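# Secondary and tertiary structure notes
Single-letter residue listing:
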Amino acid sequence: GVLLHARAANARVLALVRLSADQLPAADVERLLIDSSVLVRWWARRRWAEQGHDARAACRRMIAEVTSPSIQARAYIGLAEAGESIDREELLGLVDSDEPALKKVGLKLIADRVRPEDKQLLLGLVADDHSRVARLASEALAANLGIWALEDVQPLKQSGDPIMRRRAWWLHRSRGGWDAVIADLEAVHDPDGSIVKLGRSPRPPMYFAPSVEQQSQVQVLLVDAPLSREVKLNIA
């Protein structure tokens, strides 16, 4: 009883590992299906199945019956981990939710199912007031480079808010290669000192050359970039 309700995740795991399914109260196992720890959830699903129950049905029930958005969000994670293929429209509904917890879980679960038509939705969320929502939207875009171009990030780059420009730098840099170098060179020209620091260590790719357009951009940005002579020469 002490271990099952312990604050430390390793203690809750220990209870699930050391006790057999018939020694564990079903209510506790069901509660741990949506625990904050991945390992606790894994063992809870195993014991729940050994008790003859369906983890997906339990998570669906919690989503339907619980009113707390944070618990519902954990239930969605548990549902996905239990093997449920959640409908894309349902995930888009979560992304569109006013509740940050549900919006975040929707972004996590839809990241590998993004379509071109989701571009504007995700770009809008990159500018969200909630930093974690913005980060997850950025990661979804970074995992789907084919649906957006650098032109789409220009409004963020031109924002008067340094937070938005920092997010634009991250997105630009996520494209890798010479685009990452250009993102860093643009950053060191930013009027905000915290953004300048982000671009202090540009690393040019070793095994492929920039495109003609990229070469032109690097050439312009490199001239007065506040970087060491060694770094400039390396890029040049």
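Look up a bit, the structure's there.
Residues numbered from 1 in each chain as written. Predicted model: local features only at pLDDT ≥ 70, side-chain atom pairs only at ≥ 80, totals over all residues. Heavy atoms only, no water.

Time to look at the packing of helix H9 (residues 131–142) against helix H11 (residues 162–173). The contact between H9 and H11 brings their axes to 10 Å, and the two run at 25°. Between H9 and H11, the crossing angle belongs to the class labelled roughly parallel. Relative to H11, H9 is oriented so that their crossing is right-handed. Taken together, the residues of H11 that come into contact with H9 (itself represented by Ser131, Ala134, Arg135, Ser138, Glu139, Leu141 and Ala142) are Arg167, Trp170 and Leu171. Here the contact of H9 with H11 is composed, by residue class, of 5 nonpolar, 2 polar and 3 charged. (Axes fitted to C-alpha atoms, helices over the stretch in contact; angles between N-to-C directions. Helix = DSSP H or I, 4+ residues; strand = E, 2+ residues; numbered from the N terminus. Parallel < 35°, antiparallel > 145°, perpendicular 65-115°, else oblique. Left-handed = near helix turned anticlockwise from the far one by under 90°. Contact = heavy atoms within 4.5 Å. Nonpolar A, V, L, I, M, F, W, Y, C, P; charged D, E, K, R; others polar.)

The subject of this paragraph is the packing of helix H7 (residues 100–110) against H9. The geometry of H7 relative to H9 is characterised by a closest axis approach of 9 Å and an angle of 15° between their N-to-C directions. Considering the angle they form, H7 stands roughly parallel to H9. Once H7 is placed against H9, the crossing between them reads as left-handed. Here H7 contributes Pro100, Lys103, Lys104, Leu107 and Lys108 to the contact with H9, which in turn contributes Arg132, Val133, Leu136 and Ala137. Along the lines of polarity and charge, the residues of the contact of H7 with H9 split into 5 nonpolar, no polar and 4 charged.

Moving on to the packing of aromatic side chains. Under the definition given, this model contains 1 aromatic pair. Relative to Trp43, the ring of Trp42 has its centre 5.2 Å away and its plane inclined at 80°; by these criteria the two rings are edge-to-face. (Phe/Tyr/Trp six-rings, centres within 6.5 Å; stacked < 30°, edge-to-face > 60°.)

Its place among the elements puts Val218 in helix H14 (residues 212–223). With a relative accessible area of 8%, Val218 lands in the buried category. Separated by 65 residues in the primary sequence, Val218 and Val153 place their C-alpha atoms 18 Å from one another. Those residues in contact with Val218 that lie beyond four places of it in its chain are Trp178, Ile182, Leu185 and Ile235. (Buried < 20%, exposed > 50% of the residue type's maximum accessible area, 1.4 Å probe, protein only.)

So, on to the nonpolar core. Membership of the largest hydrophobic core comes to 49 residues, with the highest contact counts inside it found for Leu16, Leu33, Tyr76, Leu107, Leu122 and Leu141. When sequence neighbours within four positions are dropped, the list of residues in contact with Leu107 reads Val95, Leu122, Leu125, Val133, Leu136 and Ala137. (Core = buried A, V, L, I, M, F, W, Y, C linked by side-chain atoms within 4.5 Å.)

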